[in-house]
Protein chains: 2
Amino acid sequence: MINFVHIMGNQRCTVEDVAAAAGVSMMTVSRAINGRPGVSAEVRRRVLEKAADLGYRPSRIARGLASRKTSTLGIVLPDISNPFFAILAKAASDVARSEDKNLFIMNTDEDPALERAALDSLESESIDGVIVAGSRLPIATLAAAVMRFDSAVLVNRETAGPRVDAVNVDDRAGAAEAVAYLIRSGRKRIAFLAGPTTSMSGRRRFSGYCQGLKEGGLDPDPELVRRSVPTLDGGAAAMRFLLGRNIPIDAVVAYNDLVAIGAMRELKDAGRSVPGDIAVIGADDVPYAALVRPSLSTMRVDISALGRVAMTRLLALGEGKVLEPLPAIRPELVLREST
Amino acid sequence: MINFVHIMGNQRCTVEDVAAAAGVSMMTVSRAINGRPGVSAEVRRRVLEKAADLGYRPSRIARGLASRKTSTLGIVLPDISNPFFAILAKAASDVARSEDKNLFIMNTDEDPALERAALDSLESESIDGVIVAGSRLPIATLAAAVMRFDSAVLVNRETAGPRVDAVNVDDRAGAAEAVAYLIRSGRKRIAFLAGPTTSMSGRRRFSGYCQGLKEGGLDPDPELVRRSVPTLDGGAAAMRFLLGRNIPIDAVVAYNDLVAIGAMRELKDAGRSVPGDIAVIGADDVPYAALVRPSLSTMRVDISALGRVAMTRLLALGEGKVLEPLPAIRPELVLREST
DNA sequence: GGAATTTGCGTTAGCGCTAGCGTAATGATT
DNA sequence: AATCATTACGCTAGCGCTAACGCAAATTCC
């Protein structure tokens, strides 16, 4: 019987055990562990020492239940295998870790129903705050879902209420700039591979595309626009569809780099030269944009910075700070071989 | 005062509220919500209806504290922005979601200290089980950390104890096959861009590389081996270093596709043609391997399947099932333009 | 030097939920 | 009819932790 605990292995050790070992009350242990005032230096040292001896590890769930703060956050994204969101999540997670918060990363597979389910699930976890990046939900649904959290930050959606912040990229200006550049280079038949209609940044990029055309004296032509699933294969399929229409095209602006790279793959298969026959511009500047051949011109965004800013602002909201709205981040045109 | 709850917004609704609304005890509500026996169909229907009316959402932390099961799992990986791990995490997360489990995705930035911290943190969360993919910890540390969980699955590490399973890729055989192919193609000076020494799959690939050389009648030459950080930039730097040695090289086997792609970037910058002067083979077949130019030959692994299998086995362990050890998965040589 | 504050701890009462057992009703069995 | 299972609930007691308050001793103040 003596070694029973040993045999059982991971029998959790609790505040009570530490309190007994240190000869103090549970509250004193709690205060010492959490670095709160009300404990003498001597007692604090003894408690921490005993806690370390016993391998005490506070239960975050018990703490969460008692204090109604879980020190746990969430981030919801359409596709973690998309490098844009992977890098965003990594940056956000680095910041969260530096503040000793844990992070649920929820992948929604671009599916609004799964996005709702993910938000419901996070609510059940009583997390302290959530980042929703590239939400595919209608604004009303998103607003309703998000306001059930203590704090929230939306990436690339408009702010939806109090205690909700937003971090946006000026995709409209970016797309307009891309189109303007193509027109200056003499392109006249500029196609647009749009992203999901549910994506706000997709709608903004489309709007910027139209604006760019008008400002350049060209008329938007619906024949030149094709929606695309935001993946490599989606971009290839959309490009194939446009080529199948047999209308002149001398440039392509894509929803994002994945779509652009997929489109270039299709152009190559169709025997069209890039940028000779058709110039291509993507968006985001994911690491692979520079590596494909021809390398991809794109509207660059500092994705890591975006993730860090989003998480930093979420943490600030959680501390009750009031934030000035953040102006949209202007992407920067990076010219490579594809234009 | 009437609308106070309304003003406060998200006042949580508890089992007690639902019980009162349905005119039953809390336990009956609990049983109904959790689909457990002991409730008549009629009462169950009424409870679920009231719960829906009130927007009741069970607190997973309270449930976790009371039942000692959190329905929450974890996955620890060196780098979520590496598509190998991103795809692995996505597949694992899809399986977890289908079983209504939430998943902590912990990114360790290739740092063993952060990996330990991540495991400690997950222990504090009282998760039901953990997947550790590509652990960079020494075997003893990993074994000690992992056995504190109810169940665990290691990806690309040896099994470390009871209630711990492992899913492995036969990287050794893969690397040996890559080398054999290069030798058959007439290459004689085959370099190896090794991954982190802390990575088991890196060590296995190195071992396979040596084996392949020996079987092909070539002597391993330490001058042809260079360690690399497992990223694009790391691969480029390692390649630059090897080129700087000014020794003949006619082929490169890389730790993974990222390293290989980085190496190809460097080779291009150095004016070497691939595969003319130097053939390159990567490992994993991440989606970008097919898109770079020249496209990359690689040792293909079905990464999604790996993730699904790992999570499926973790869930099985969690249900107390005893698993037959899984034989190592043999990667498949995919030939593209780089060889 | 007495009142007012501060410091250092302990006590009590939950957080929201479920395990485990109790119990009254029904139906099945001998 | 008496006995035994079975079903459908309710009650109690926590899970491990902390908020809020209590209270004595030490310190500060005028």
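Everything quoted here is computed from the prediction, not taken from an experiment. (Residues numbered from 1 in each chain as written. Chains lettered and ligands numbered in written order. Predicted model: local features only at pLDDT ≥ 70, side-chain atom pairs only at ≥ 80, totals over all residues.)

1. Points about the overall build of chain A
When you go through chain A residue by residue, the secondary structure sums to 13 helices and 11 strands. For chain A, the proportion of its 339 residues judged to be buried stands at 53%. A sequence separation of at least 24 residues applies to 68% of the contacts in chain A between residues at least 6 apart. (Helix = DSSP H or I, 4+ residues; strand = E, 2+ residues; numbered from the N terminus. Buried ≥ 20, exposed ≤ 12 C-beta atoms within 10 Å, placed from the backbone. Contact = placed C-beta atoms within 7 Å.)

2. Some thoughts on the protein's contact with DNA strand D
Taken together, 24 residues form the shell around DNA strand D, and within it A:Thr14, A:Ser30, B:Ser25, B:Thr28 and B:Ser40 come nearest. When contributions to the surface near DNA strand D are tallied by element, the ones reaching two or more residues are helix H3 (26-33) and helix H5 (60-67) of chain A together with helix H3 (26-33) and helix H5 (60-67) of chain B. When grouped by side-chain class, the residues that make up the surface near DNA strand D number 13 nonpolar, nine polar and two charged. (Near = placed C-beta within 6 Å. Nonpolar A, V, L, I, M, F, W, Y, C, P; charged D, E, K, R; others polar.)

3. Describing the protein's contact with DNA strand C
For DNA strand C, the set of nearby residues contains 25 residues, the closest of which are A:Ser25, A:Ser40, B:Thr14, B:Ser30 and B:Ala66. Those elements giving two or more residues to the surface near DNA strand C turn out to be H3 and H5 of chain A together with H3 and H5 of chain B. Here the surface near DNA strand C takes five residues from H5(B), the largest share from any one element. Its residues placed into classes, the surface near DNA strand C shows 14 nonpolar, nine polar and two charged.

4. Things to note about the relation of the copies chain B and chain A
Overlay of chain B on chain A (RMSD 0.0 Å): rotation 180 degrees, translation along the axis 0.0 Å. Seen this way, the second copy is the image of the first under a two-fold rotation axis. Of every C-alpha in chain B, the one belonging to B:Val292 sits nearest the axis of rotation, 2.1 Å from it. (Least-squares fit on C-alpha atoms with pLDDT ≥ 70 in both.)

5. Observations concerning the sheet that holds strand S11 (residues 332-334) of chain A
Residues and elements named next belong to chain A. Taken in spatial order, the six strands make up an open sheet running S7-S6-S8-S9-S10-S11, and their pairing is mixed. Either end of the sheet is taken by a strand with one partner, and the two such strands are strand S7 (225-227) and S11. Each adjacent strand pair in this sheet contributes to an overall mean axis angle of 20 degrees, direction not counted. Inspection of the sheet shows strand S9 (residues 279-284) paired to strand S10 (residues 297-300) by four bridges, in the parallel sense. Considered in S10, the bridge of aspartate 284 is made with arginine 300. (Pairing = 2+ DSSP bridges. Axes fitted to C-alpha atoms, helices over the stretch in contact; angles between N-to-C directions.)

6. Overview of unusual backbone geometry
Apart from glycine, the bulk of residues carry a negative phi angle, and the bulk of peptide bonds sit in the trans form. In this structure, A:Pro294 follows A:Arg293 across a cis peptide bond, with omega equal to -5 degrees. On the secondary structure map, A:Pro294 appears in the loop between S9 and S10. The phi angle at A:Asp100 is positive, at roughly 60 degrees, despite the residue not being glycine. With respect to the helices and strands, A:Asp100 occurs in the loop between helix H6 (83-98) and strand S2 (102-107). At B:Arg163, a residue that is not glycine, the phi angle is positive and equals roughly 60 degrees. Considering the arrangement of structural elements, one finds B:Arg163 in the loop between strand S4 (152-155) and strand S5 (164-167).

7. What to know about the sheet that holds strand S11 (residues 332-334) of chain B
Residue and element names in this part refer to chain B. Read from one edge to the other, the open sheet built from six strands follows the order S7-S6-S8-S9-S10-S11, with strand pairing classed as mixed. Each having just a single partner strand, strand S7 (225-227) and S11 make up the two edges of the open sheet. In this sheet, adjacent strand axes meet at a mean angle of 20 degrees when their direction is disregarded. Bridging between strand S6 (residues 190-194) and S7 involves three bridges; their strand directions are parallel. For leucine 193, the partnering residue across the bridge sits in S7 and is arginine 226.

8. Digging into the pairing of S2(A)
Residues and elements named next belong to chain A. Here S2 lies mainly inside the structure; six of its six residues are buried. Burial along S2 is two-sided: Asn102, Phe104 and Met106 and Leu103, Ile105 and Asn107, pointing in opposite directions, are all buried. At this point the chain moves from strand S1 (residues 72-77), through H6, to the parallel S2, and the crossover so formed is right-handed. (Right-handed = clockwise from strand over helix to strand, strands pointing away.)

9. Details of helix H11 (residues 232-244) of chain A
All names here are of chain A. The terminal C-alpha atoms of H11, which comprises 13 residues, lie 18 Å apart, in line with the 18 Å expected from a rise of 1.5 Å per residue. Restricting attention to buried positions, one finds in H11 the residues Leu232, Gly234, Gly235, Ala236, Ala238, Met239 and Leu242. Directly after H11, the chain includes asparagine 246, whose backbone phi takes a positive value near 55 degrees. (Expected span 1.5 Å × (residues − 1).)

10. What about the interface of chain B and chain A?
At the junction of the two partners, chain B supplies 39 residues and chain A supplies 39 residues. Those elements that provide at least two residues to the side of chain B that touches chain A are H5, helix H6 (83-98), strand S2 (102-107), helix H7 (112-124) and helix H12 (257-269) of chain B. Per-element tally for the side of chain B that touches chain A: the top contributor is H6(B), with six residues. When the residues that make up the side of chain B that touches chain A are grouped by side-chain class, the tally is 18 nonpolar, 12 polar and nine charged.

11. Details of the domain arrangement of chain A
Here the domain parsing of chain A yields domain 1 (4-58), domain 2 (69-169 + 303-329) and domain 3 (171-300). Centre-to-centre, using C-alpha coordinates, domain 1 of chain A lies 60 Å away from domain 3 of chain A. (Domains from an automatic or database assignment.)

12. As for the confidence of the model for chain A
On average, residues of chain A carry a pLDDT of 93, and 97% of them reach 70 or more. Considering only residues more than four positions removed or in separate chains, one finds that residues 1-9 of chain A, a stretch of pLDDT under 50, has two contacts. (pLDDT = per-residue confidence, 0-100.)

13. Points about the environment of A:Val286
Residues and elements named next belong to chain A. Among the secondary structure elements, valine 286 is positioned in the loop between S9 and S10. Residue classification places valine 286 among the buried residues on the basis of 26 C-beta atoms within 10 Å. As for valine 286 and tyrosine 181, which are separated by 105 residues in sequence, their C-alpha atoms are 20 Å apart. Setting aside its immediate chain neighbours within four residues, valine 286 contacts Pro83, Phe84 and Asp257.

14. What about helix H8 (residues 139-146) of chain A?
Residues and elements named next belong to chain A. Among the residues of H8, those classed as buried are Leu142, Ala145 and Val146. Here the buried residues of H8 occupy an arc of 90 degrees about the axis, which is enough to place them on one side. Residues of H8 that are buried in the fold lie against helix H7 (112-124), strand S3 (129-133), strand S4 (152-155) and strand S5 (164-167). (Arc of directions from axis to C-beta.)

15. Points about the pairing of S9(A)
All names here are of chain A. Counting buried residues along S9, six of its six residues qualify, which places the element largely inside the surrounding structure. The sheet contact formed by strand S8 (residues 251-254) and S9 spans three bridges and is parallel. Bridge pairing links valine 252 to valine 280 in S9.

16. Re the packing of H3(A) against helix H4 (residues 41-54) of chain A
All names here are of chain A. Viewed as axis vectors pointing N to C, H3 and H4 meet at an angle of 90 degrees, and their least axial separation amounts to 9 Å. Judged by the angle between their axes, H3 and H4 are roughly perpendicular. Here Thr28, Val29, Ala32 and Ile33 of H3 come into contact with H4, specifically with Val43, Arg44, Val47, Leu48 and Ala51. Within the contact of H3 with H4, the residues separate by chemical class into seven nonpolar, one polar and one charged. (Parallel < 35°, antiparallel > 145°, perpendicular 65-115°, else oblique.)

17. Concerning the nonpolar core
Ranked by internal contacts, the top residues of the largest apolar core, which has 192 residues, are A:Ala263 and B:Ala263. Setting aside its immediate chain neighbours within four residues, B:Ala263 contacts B:Leu193, B:Gly235, B:Ala236, B:Ala238, B:Met239, B:Val252, B:Ala254 and B:Val280. (Core = buried A, V, L, I, M, F, W, Y, C linked by C-beta atoms within 7 Å.)

18. Quick look at the environment of B:Arg336
All names here are of chain B. Residue placement: arginine 336 occurs in the segment after S11. Overall, arginine 336 belongs to the partly exposed group, with 18 C-beta atoms counted inside 10 Å. Between the C-alpha atom of arginine 336 and that of valine 280, which follows or precedes it by 56 residues, the distance is 9.9 Å. In this structure, arginine 336 is in contact with Ala290, Ser295, Leu296 and Ser297, ignoring residues within four places of it in sequence.

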